[in-house]
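# What the coordinates show
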Amino acid sequence: MEVSVGIKVAARGLEWDVTEVEQLGPQQRLRLACASGDLQGLEWDVLYPAEPVAILSTDPRPEDVGSLDDWRRYHTAWLLDQVPGPAASPGRVAIEAYQRVPLLRALDMVRPRLLLADGVGLGKTIQAGLIAAELIVRRRAHRILVACPPGPLLRQWEQEMRLRFGLRFTPIVDGASLREARRGLELGGNPFEATALCLTSMDFAKSDRVLTELERAAWDLVIIDEAHHCAGGAGPGEDSQRRLLAEVLARRSDGLLLLTATPHDGHDAHFASLIALLDPSLVDGSGRLIGSTYRRHVVRRLKSHIRDPHTGLPLFRERVVVPVRVDVSDAPAVQAFHRALSALVAPRLRRSRDRNGLADALAFVSLLKRSMSSIAACVATLRVVAERYAGGESGAARRERQRALRAYRRRVSRFGVLDAAEEAEIAALEAEEMAASLAGSGTASELQDLIRLGEAAETEDPKLAALVLEVRLIRLHHPGANILVYTEYADSQCAAVEALRSLEGTVLTISGADSEADRTRAAERCAEEDGIVLVSTDSLAEGLNLHQRCCHLIHLDLPYNPNRLEQRNGRIDRYGQQKDPEIRYLYLAGTFEERLLLQLIAKYEKARACLSFMPNTLAVTAEPGRLGEPLLRGLAEDLFSSMPRLVHSLDLAAEDGDGEAYRDLLREIDRAFQSFDHMAVRHGWMGSGPMPATSPEEQSSSVDLAAFVESVLPGGDRVPADWHAELDGLPGFDRASGTIRLTNDPSRIRDAEGRTLLYPGRSHPLTRRTIARIRAGQAGRVSAARGAVLSLLVTYDAEIGDHSGTLLRKVFGLLLTPDGAVDKPADILTLAGQAVPSGRLWHDRFAGWAPMALEAAGAQAAAVAARIAAAFSATWQERQDRAAATLDAWLTQRTNALCGAPVDPVGDLFDTVPRTDDWRCSRPPGQRLAAFAADISVPALQRREAADILARVTAVTARRAALPKPVVRRLGLLMLVPAA
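Residues numbered from 1 in each chain as written. Predicted model: local features only at pLDDT ≥ 70, side-chain atom pairs only at ≥ 80, totals over all residues. Heavy atoms only, no water.

As recorded in an unreviewed UniProt entry, the protein goes by Helicase and comes from Rhodopila globiformis.

What follows is the structure, given as structure tokens:
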């Protein structure tokens with residue numbers, strides 16, 4: 001017996017309308033609304049078939065004729081609930097053609113598992129939201145988990161899902177929110193199991209106690225943002241904990257979306273580990289990709305690929321890069337400071353040719369980087385070094401510090417950014433390392449002299465003066481422009497803010513040390529006001545979107561990791577930017593910042609047109625084991641070979657650029673970019689194939705969801721009390737009055753009184769509740785309208801579903817006439833034009849011929865449904881066969897890798913076949929693995945691996961089933977009569 005939304009059933013001695021159906025393994029959860037008696041309107045959940053439910057007659061009755069408005073509403077609700085659906089907006093979002101590609105790819109998969117690896121600023125969050133919303137509408141997803149790094153990304157995800165799609169995710173991101181979610185549950189209850197839409201932090205979820213809870217929960221869809229943090233092959237420690245979290249979530253979810261702008265960090269094993277999360281059958285036992293099948297799971301586009309499908313013009317504004325040369329020839333105090341700094345640093349850098357001195361050299365390179373950012377940042381570090389100069393330490397303490405520094409540098413090299421606490425920790429460790437290196441060398445007085453020179457030079461800092469000048473020049477041409485300034489260091493941030501105080505307008509700051517509320521308010525002000533200069537540190541480079549009112553960015557200093565540089569640029573150079581983004585790089589003329597980093601920028605900007613992920617080509621932030629020794633050694637020899645030509649030579653107008661170290665460095669950069677070009681071609685990332693055509697269901701007329709919802713709610717804005725819980729916290733809903741403020745303009749956020757407005761999408765709980773209520777009712781199933789000839793429009797619903805939810809649902813109509821002719825109109829709503837009196841219309845004009853025509857139309861409706869199902873079945877079967885072939889090939893490959901190639905035993909002259917283990921013989925791979933796992937002579941580790949493979953294959957094959965036949969039900973009748 002097929003139970004579906006909209007039918008009437010008998011249960012517990014009462015008559016109920018079915019408003020929701022959710023598949024829960026062999027059972028279905030039915031939400032029932034009592035249709036009569038004292039309990040009318042009460043909603044109740046039952047499990048079927050565990051609880052007996054009887055279907056009552058579901059065909060529309062001609063005597064239950066209603067208004068034409070009710071008929072339109074009823075059929076609009078069914079049309080909105082089609083799968084695939086009509087061209088109704090998914091929410092407060094304008095969808096570009098390229099953003100539909102991941103959605104169509106996901107819907108074409110048996111299990112939607114994708115790596116969304118678009119470049120920075122192409123809207124991966126929106127694309128993931130579109131997939132989540134569509135799966136909810138199709139009832140293929142009820143439980144969704146989003147995991148992302150801590151910080152502003154958490155807030156961004158919560159806001160994007162709530163404001164754009166009306167999906168309210170519950171954050172469980174720390175101990176307090178976990179306890180709050182646990183409150184009210186029965187003893188031992190799992191907060192993650194009780195939260196349908198959940199948002200969590202990677203670093204919180206990776207802890208053992210939280211991971212245990214996540215292992216006990218199952219999800220229809222898991223979204224992991226910044227998924228490169230979860231790549232395998234990084235060794236023990238923090239990275240492996242995140243990897244373990246990703247593996248648990250991948251196992252416990254049906255659908256999986258991995259989001260990252262940097263899918264490949266130069267190591268094939270890391271990339272393959274991400275693909276293995278999507279589908280282990282795409283990777284062999286040694287962690288290498290198998291063939292090119294994995295490409296179906298990867299969506300990778302760059303801004304250069306994206307063009308308007310109608311005009312062919314680029315969809316993204318062209319980036320304008322402006323290198324700004326900062327001259328310090330007229331700042332003697334600054335020159336004196338850099339000369340003294342070079343005298344201190346140069347001998348330590350020369351020691352980098354000795355592996356034992358490499359850790360010291362890296363700490364002093366960090367000091368030089370700070371001096372290139374601002375004198376204040378360098379002096380602040382020198383003060384810390386001086387404070388710790390006198391303290392002695394043991395060799396064990398120093399080794400432990402160097403171990404911690406190596407771990408931090410590994411993370412910086414790989415991810416490009418640390419949080420505020422980690423940035424402070426690495427700065428303190430580097431200061432201790434420099435203090436230990438200087439201790440005993442008699443440099444205490446030299447260090448104090450250097451600090452005094454720095455304090456005297458702070459007021460003449462050329463970088464800060466150049467920053468102020470650039471802001472003035474921007475404002476000269478663009479009065480009131482908002483400007484974003486980035487720096488690596490909190491000390492430079494403070495110095496920049498102080499220097500900018502002399503300008504008109506507002507100066508705001510965002511750093512990892514700020515509270516979430518302060519960061520959010522600063523970002524909101526930049527999106528709402530003009531004349532703002534926002535100074536941010538790199539700990540906020542991910543998740544900060546300022547493109548709405550900002551197109552100017554100034555880099556006060558240049559990070560050595562190009563991925564971090566692109567994360568910065570992506571704050572304004574992203575989807576939705578209406579002006580050409582202008583990026584300014586400030587660099588000190590005549591220093592290694594100019595000599596090396598400008599070369600890097602030139603290569604970087606040239607390659608950025610093809611790729612948005614870059615290797616850490618300078619490697620000075622990498623761990624010592626990955627450093628190119630000739631590169632760093634040559635750097636020290638060439639830049640610091642003689643005292644007159646050290647970093648202090650800022651007053652030199654030019655310097656010989658033909659040194660061997662520079663040529664080595666540029667060759668290293670060329671090799672890095674060439675390898676990434678090759679990698680992009682090999683993985684199919686460079687092609688910019690045509691955008692998909694609009695799907696047929698999107699070619700129909702769009703539905704005004706706001707008007708539809710308003711027509712259903714009492715008074716147009718009164719929300720039923722049992723809907724309040726789902727709408728709490730969503731824009732436009734006033735809990736106190738129980739009303740909703742609707743708009744049909746997606747650009748309107750607030751009304752004239754400043755109150756938030758709701759623009760409903762298909763997945764919004766208010767829309768879904770409205771559709772369910774209309775579908776479950778009987779009002780509007782039968783009506784009458786003016787027609788060209790006497791005819792009867794009969795509407796039907798054809799549905800195919802399986803354990804994952806509704807696969808296909810189509811609404812269609814058949815137009816019957818007294819002469820027996822049957823026609824299939826393209827749009828049933830267009831026939832519901834002018835209403836006509838319906839009192840005795842059926843008895844007078846239809847009763848004589850319509851009943852027999854309806855009976856005959858049943859066979860034709862079944863034929864139409866069969867044609868619809870056949871077209872769908874071909875595509876569905878192709879997907880099933882493709883998935884089965886991929887799984888079988890992987891199973892064979894893994895079986896042969898564990899058991900060896902199958903060998904059939906050969907008998908002797910008397911046909912005696914030597915005894916051999918079953919798993920060595922030529923048998924189906926599943927049987928061989930089962931025998932292998934049961935053979936106690938096989939090492940336990942290998943038997944466990946075989947058992948895991950069998951369990952994985954069994955779980956997948958258990959989901960395979962034949963496509964069910966379509967269920968056809970009659971929805972409504974529309975009597976069409978011509979004018980007299």
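### Looking at the overall build of the protein
Assigned secondary structure in the protein consists of 30 helices and 25 strands. When the 980 residues of the protein are sorted by exposure, 54% land in the buried category. Of the contacts formed within the protein by residues at least 6 apart in sequence, a portion of 75% connects residues at least 24 apart. (Helix = DSSP H or I, 4+ residues; strand = E, 2+ residues; numbered from the N terminus. Buried < 20%, exposed > 50% of the residue type's maximum accessible area, 1.4 Å probe, protein only. Contact = heavy atoms within 4.5 Å.)

### Here's the deal with the sheet that holds strand β14 (residues 482–487)
Strand order in this open sheet of six strands is β13-β18-β17-β14-β16-β15, and the pairing throughout is parallel. Each of the sheet's edge strands pairs with one partner strand only, and the pair in question is β13 (320–326) and β15 (506–510). Across this sheet, the average inter-strand angle for adjacent strands is 20°, counted without regard to direction. When β15 meets strand β16 (residues 532–537), the two strands line up parallel, connected through five bridges. Residue Thr 509 lies in a different strand from β16, and its bridge partner there is Val 535. Helix-sheet contacts for helix α18 (residues 490–500) involve β14, β15 and β16, and the interaxial angle to β16 is about 165°. (Pairing = 2+ DSSP bridges. Axes fitted to C-alpha atoms, helices over the stretch in contact; angles between N-to-C directions.)

### Some thoughts on helix α30 (residues 940–957)
Taking 1.5 Å as the rise per residue, α30 with 18 residues should run 26 Å; its terminal C-alpha atoms sit 26 Å apart, in good agreement. Listed as buried for α30 are Ala 946, Ile 949 and Val 953. For α30, the angular spread of buried residues about the axis comes to 60°, placing them on one side. Of the surrounding elements, those touching the buried residues of α30 are α28 (850–899) and α29 (925–934). (Expected span 1.5 Å × (residues − 1). Arc of directions from axis to C-beta.)

### As for the pairing of strand β17 (residues 550–555)
Counting buried positions along β17 gives six out of six residues, so the element sits mostly inside the fold. The pairing of β14 with β17 spans five bridges and is classified as parallel. Note that in β17 the partner of Asn 482 across the bridge is Cys 550. With four bridges connecting them, β17 and strand β18 (residues 582–588) associate as parallel partners. Each residue of the ladder has a partner; that of His 552, found in β18, is Glu 582.

### Observations concerning the pattern of salt bridges
One pass over the full model with this rule turns up 50 salt bridges. When the shortest N-O distance is used, the salt bridge between Arg 296 and Asp 108 registers 3.6 Å. Within this pair, whereas Arg 296 is found in the loop between α10 (268–278) and β12 (298–299), its partner Asp 108 is found in the loop between α2 (100–107) and β6 (113–116), the two being separated by 188 residues in sequence. Arg 296 sits in the partly exposed class, given a relative accessible area of 28%. Looking at Asp 108, the relative accessible area reads 24%, which means it is partly exposed. Taken together, the shared-partner salt bridges in this structure form one network comprising Arg 29, Arg 31, Glu 43, Asp 45, Glu 726 and Arg 769. (Salt bridge = Lys/Arg side-chain N within 4 Å of Asp/Glu carboxyl O.)

### Side note on the nonpolar core
In terms of nonpolar packing, the biggest core is built from 37 residues, with Phe 192, Leu 214, Ile 224, Leu 258 and Ile 275 touching the most fellow members. Within the residue set of this core, elements represented by two or more residues are β7 (144–148), α7 (202–205), α8 (208–215), β10 (219–225), α9 (238–251), β11 (253–259) and α10. Excluding its chain neighbours within four sequence positions, the residues that come into contact with Leu 214 are Leu 145, Phe 192, Ala 205, Trp 219, Leu 245, Val 248, Leu 249 and Arg 252. Listed in part, the 34 residues of the second largest apolar core include Ala 106, Ala 132, Leu 135 and Ile 144. (Core = buried A, V, L, I, M, F, W, Y, C linked by side-chain atoms within 4.5 Å.)

### A closer look at the packing of aromatic side chains
Considering all chains together, one arrives at seven aromatic pairs under this definition. Consider the rings of Tyr 796 and Phe 812, whose centres lie 5.6 Å apart with planes at 20°: the pair is stacked. Pair noted here: Tyr 796 is in strand β22 (residues 791–802) and Phe 812 is in strand β23 (residues 805–816), with a separation of 16 residues, a long-range link. Each member of the pair, Tyr 796 as well as Phe 812, carries the same accessibility label: buried. (Phe/Tyr/Trp six-rings, centres within 6.5 Å; stacked < 30°, edge-to-face > 60°.)

### Re unusual backbone geometry
Cis geometry is found at the peptide bond from Tyr 48 to Pro 49, where omega equals 10°. With an omega of -10°, the peptide bond between Val 83 and Pro 84 qualifies as cis. In this structure, Pro 84 sits in the loop between α1 (68–80) and α2. With a phi angle near 55°, Arg 12 is a residue other than glycine that sits in the positive phi range. Summarising the element assignment, Arg 12 is placed in the loop between β1 (8–11) and β2 (14–24). Even without a glycine there, the phi angle at Glu 226 is positive, about 50°.

### What about the side chain of His 229?
As for its placement among the helices and strands, His 229 is situated in the loop between β10 and α9. Polar side-chain contacts of His 229 include one of 2.9 Å to the side chain of Arg 242. (Polar contact = N/O pair within 3.5 Å; in protein donor to acceptor, adjacent residues only side chain to side chain.)

### Overview of the packing of helix α13 (residues 375–387) against helix α16 (residues 444–457)
Between α13 and α16, whose axes approach to 9 Å, the crossing angle comes to 155°. Between α13 and α16, the crossing angle belongs to the class labelled roughly antiparallel. For the crossing formed where α13 meets α16, the hand is left-handed. Judged by residue contacts, Ile 375, Val 379, Leu 382, Arg 383, Val 385 and Ala 386 of α13 engage Leu 447, Gln 448, Leu 450, Ile 451, Gly 454, Glu 455 and Ala 457 from α16. Grouping the amino acids of the contact of α13 with α16 by side-chain chemistry returns nine nonpolar, two polar and two charged. (Parallel < 35°, antiparallel > 145°, perpendicular 65-115°, else oblique. Left-handed = near helix turned anticlockwise from the far one by under 90°. Nonpolar A, V, L, I, M, F, W, Y, C, P; charged D, E, K, R; others polar.)

### A word on α2
When you tally the buried positions in α2, you get six out of eight residues, the bulk of the element. Burial in α2 covers these residues: Arg 100, Val 101, Pro 102, Leu 103, Ala 106 and Leu 107.

### Comments concerning the sheet that holds strand β5 (residues 54–55)
Read across the sheet, five strands follow the order β4-β3-β2-β1-β5 without closing on themselves; strand pairing throughout is antiparallel. The open sheet has two edge strands, β4 (43–48) and β5, and neither has a second partner. Note that β1 and β5 share two bridges and pair antiparallel. Looking at the pairing, Ala 10 lines up with Ala 54 of β5. Of the strands in this sheet, β2, β3 (27–34) and β4 touch helix α26 (residues 765–776), which is tilted by about 135° from β2.

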